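Residue-level structure breakdown
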Amino acid sequence: MIIGLTGGIASGKSTVVRAFESLGVPWVDADDVAREVVQPGEPALEAIAERFGTSVLQENGSLDRRKLRDIIFNDPEQRLWLESVTHPRVRERLLEHLARLQASQPAYVMLVSPLLFESGQDALVDRCVVVDVPEALQLQRTQARDDVSESQVRAILAVQLSRQERLSRADDVIDNSRSEAEMREQVAQLDRRYRELSQP
Ligand code: ATP
């Protein structure tokens, strides 16, 4: 069984997946895999450099993510092109990672993805769990963690699915608006449920 874990910016996905990990649950993060497919030597990076020129590369040949982001930020056509190059490769690589995690036959594995629904990666999983916090807390926790302005966080919130939409697509919800101890209790409860569900 594969459980997809998602949530908006700074909802606590990384913190929550570490709580699952401490209960022995293997996981892969779609963001890490998205970075993997544009490493030097990867066909996706070659295609990107061919389309946008070597100015999107750093001196050591790796992708200048900020430059690329600037190019596609206000250009839906370029964004779609980029996604058409990267998404199939991310999907393929994710399936490989998930298969590797499943090789040791754990009760279940997790796919952590900030854009689980937006990217269609929910099609790869059996159930979706959403880490939920109110928007005000997302703003507060992002600003406490990163050096960003409120308007930068709001811009990110604007391109992510709304809280309501995300919740409506969830099979399970973890309320991460209170203490980490309370989050861990919910994780332990869900872990028991997922282990039960994974029994043949
Ligand atoms: P992103 O989408 O930006 O990758 P994320 O969803 O993975 O973020 P985390 O990095 O896990 O979120 O958490 C965001 C911040 O909130 C971190 O600084 C984390 O320590 C803090 N945090 C997470 N859960 C709680 C909690 N229950 N109580 C207090 N702080 C928390």
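All of these numbers come straight from a predicted model, not from anything done at the bench. (Residues numbered from 1 in each chain as written. Predicted model: local features only at pLDDT ≥ 70, side-chain atom pairs only at ≥ 80, totals over all residues. Heavy atoms only, no water.)

**Quick notes on the domain arrangement of the chain**
For the chain, the domain assignment lists domain 1 (1-26 + 106-200) and domain 2 (31-97). For domain 1 and domain 2, the distance between their C-alpha centres works out to 25 Å. Each partner contributes to the interface: domain 1 provides four residues, whereas domain 2 provides five residues. Counting each side, the surface lost to burial between domain 1 and domain 2 is near 470 Å², with a carbon and sulfur contribution of 72%. Per-residue buried area on domain 1 facing domain 2 is highest for P114, Q121 and L124; these three make up 64% of the total on that side. Run the count over domain 1 and domain 2 and you get zero residue pairs in polar contact (both at pLDDT 80 or more). Counted by class, the side of domain 1 that touches domain 2 contains three nonpolar, one polar and no charged residues. (Domains from an automatic or database assignment. Contact = heavy atoms within 4.5 Å. Buried area = accessible area lost by both parts, 1.4 Å probe. Polar contact = N/O pair within 3.5 Å; in protein donor to acceptor, adjacent residues only side chain to side chain. Nonpolar A, V, L, I, M, F, W, Y, C, P; charged D, E, K, R; others polar.)

**Quick notes on the packing of helix 6 (residues 135-145) against helix 7 (residues 150-159)**
The relative placement of two packed helices is expressed as an angle between their axes plus a distance between the axes. It is at 10 Å that the axes of helix 6 and helix 7 come closest, and there the two elements cross at 125 degrees. Relative to helix 7, helix 6 is oriented oblique. Our pair here, helix 6 against helix 7, has a crossing hand that is right-handed. Of the residues in helix 7, those in contact with E135, Q138, L139, T142 and Q143 of helix 6 are E150, V153, R154 and L157. Across the contact of helix 6 with helix 7, the residue classes break down as three nonpolar, three polar and three charged. (Axes fitted to C-alpha atoms, helices over the stretch in contact; angles between N-to-C directions. Helix = DSSP H or I, 4+ residues; strand = E, 2+ residues; numbered from the N terminus. Parallel < 35°, antiparallel > 145°, perpendicular 65-115°, else oblique. Left-handed = near helix turned anticlockwise from the far one by under 90°.)

**Quick word on the environment of V25**
Mapped onto the elements, V25 comes out in the loop between helix 1 (13-21) and strand 2 (27-29). Sequence separation between V25 and V56 is 31 residues; the distance between their C-alpha atoms is 37 Å.

**Quick word on the site of the ligand**
Within the structure, the ligand sits among 14 residues, and K13, S14, T15, R145 and N176 are positioned closest to it. Here an oxygen atom of the ligand and a side-chain polar atom of K13 are 2.6 Å apart. Contact distances for the ligand include 2.5 Å between an oxygen atom and a side-chain N or O atom of T15. Relative to its unbound accessible surface of 640 Å², the ligand loses 74% to contact with the protein. Looking at the shell around the ligand, the elements that each hand over two or more residues are helix 1 and helix 6. Looking at the shell around the ligand, its residues break down into two nonpolar, seven polar and five charged. (Near = heavy atom within 4 Å. Areas by Shrake-Rupley, 256 points an atom, 1.4 Å probe, with all protein chains shown as cover.)

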